[in-house]
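One letter stands for each residue in the lines below.
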Amino acid sequence: MKPEPGWHRPYLATPWLWRGRDPRGWDCWGLIAWCRPQHFGRPAPDHADLYSGAMPASQTERFDLQARLIGAHVGSWSRLDRPRPGAVVLFNVAGRPVHVGLCLGRGLFLHAHHPAGARPGVPATIIENLSAHVWARRVEGFYD
């Protein structure tokens, strides 16, 4: 399944939301769980039910939880040699594989980013380049 050109544009207004699973608000995995089946016809497990009800108080606790959940799913996917549209890109942040994005092609990826100091409800779904310094050094791999 090949998505329509520009399919991702409406999602750029989507805010980051812990355990969010639709375009009203999502976290990085929620974006993957929504967009892969909708636009690429590829499955993406939704593990929102495995999260605790509230976001962990510390970033360390959140990263520990995310690393466990993402690791549980990524292990069942096929690793790719290079990115392709619709593939999941896994990023290492603070020494752990805790962030995912969706490859768009031409070196770009879409992700729900929760930068330090972000306010709830502020759009945080963005397109970035895999070769950007902040992301290129963190790529763990590409999966389908």
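What comes next concerns the included structure. All values derive from a computational prediction rather than experimental measurement.

## Some details on the overall build of the protein chain
Okay, so step 1: Counting secondary structure elements, the protein chain contains three helices and eight strands.
Okay, so step 2: Helices (α) and strands (β) of the protein chain occur, in sequence order from the N terminus, as β-β-α-α-β-β-β-β-β-α-β.
Okay, so step 3: Each of the 144 residues in the protein chain was classed as buried or not, and the buried ones make up 47%.
Okay, so step 4: Partitioning the contacts of the protein chain with sequence separation of at least 6, the portion at a separation of at least 24 is 57%.
Okay, so step 5: Surface summary for the protein chain: the accessible area is close to 7500 Å², and the carbon and sulfur share equals 53%.

## Description of the environment of A33
Okay, so step 1: Of note, A33 is situated in helix α1 (residues 28-40).
Okay, so step 2: Considering only alpha carbons, one finds A33 and D22, eleven residues apart in sequence, at a separation of 8.6 Å.

## Notes on the environment of L104
Okay, so step 1: Looking at the element boundaries, L104 is found in strand β5 (residues 96-105).
Okay, so step 2: Separated by 24 residues in the primary sequence, L104 and E128 have C-alpha atoms spaced 9.8 Å apart.
Okay, so step 3: Leaving out residues up to four positions away in the same chain, L104 has contacts with W7, P85, F109, L110 and I127.

## With respect to the pairing of strand β4 (residues 88-93)
Okay, so step 1: A large share of β4 lies buried, amounting to five of its six residues.
Okay, so step 2: Inspection of the sheet shows β4 paired to β5 by six bridges, in the antiparallel sense. Following the sheet pairing, L90 is matched in β5 by V100.
Okay, so step 3: Adjacent in sequence and paired antiparallel, β4 and β5 are bridged by two residues, among which A94 carries a positive phi angle near 55°.
Okay, so step 4: Judged from the four bridges that link them, β4 and strand β8 (residues 139-143) form a sheet pairing that is antiparallel.

## Digging into the packing of aromatic side chains
Both the distance between ring centres and the angle between the ring planes are used here to describe each pair of aromatic rings.
Okay, so step 1: One pass over the full model with this rule turns up seven aromatic pairs.
Okay, so step 2: Between W7 and F40 the ring centres are 5.6 Å apart and the planes differ by 90°, which places this aromatic pair in the edge-to-face class. With W7 in the segment before β1 (21-22) and F40 in helix α1, this residue pair connects regions lying 33 residues apart in the sequence. Here the two residues W7 and F40 agree in accessibility, since each one is buried.
Okay, so step 3: What links up through ring pairs into an aromatic cluster is the set W7, Y11, W26 and F40.
Okay, so step 4: The residue whose ring lies beneath R36 is W77, and the NZ or CZ to ring-centre distance is 4.8 Å.
Okay, so step 5: Its guanidinium or amino end placed over the ring of W135, R138 lies 5.9 Å from that ring's centre, counting from NZ or CZ.

## A short note on helix α2 (residues 59-74)
Okay, so step 1: For α2, built from 16 residues, the straight-helix expectation of 22 Å at 1.5 Å per residue is met to within 8% by its first-to-last C-alpha distance of 21 Å.
Okay, so step 2: Among the residues making up α2, those that are buried are R62, F63, L65, Q66, A67, L69, I70, H73 and V74.
Okay, so step 3: Buried residues along α2 sit in contact with α1, β4, β5 and β8.

## Notes on the sheet that holds strand β7 (residues 125-129)
Okay, so step 1: The strand order β3-β8-β4-β5-β6-β7 describes an open sheet built from six strands, whose pairing is antiparallel. Of all strands in the sheet, those bounded by a partner on one side alone are β3 (79-80) and β7.
Okay, so step 2: Each of β4, β5, β6 (108-112), β7 and β8 is contacted by α1, which is oriented at about 30° to β5, the strand it contacts most.

What counts, and at which threshold
- Residues numbered from 1 in each chain as written.
- Predicted model: local features only at pLDDT ≥ 70, side-chain atom pairs only at ≥ 80, totals over all residues.
- Heavy atoms only, no water.
- Helix = DSSP H or I, 4+ residues; strand = E, 2+ residues; numbered from the N terminus.
- Buried < 20%, exposed > 50% of the residue type's maximum accessible area, 1.4 Å probe, protein only.
- Contact = heavy atoms within 4.5 Å.
- Areas by Shrake-Rupley, 256 points an atom, 1.4 Å probe, with all protein chains shown as cover.
- Pairing = 2+ DSSP bridges.
- Phe/Tyr/Trp six-rings, centres within 6.5 Å; stacked < 30°, edge-to-face > 60°.
- Lys NZ or Arg CZ within 6 Å of the ring centre and 35° of its normal.
- Expected span 1.5 Å × (residues − 1).
- Axes fitted to C-alpha atoms, helices over the stretch in contact; angles between N-to-C directions.

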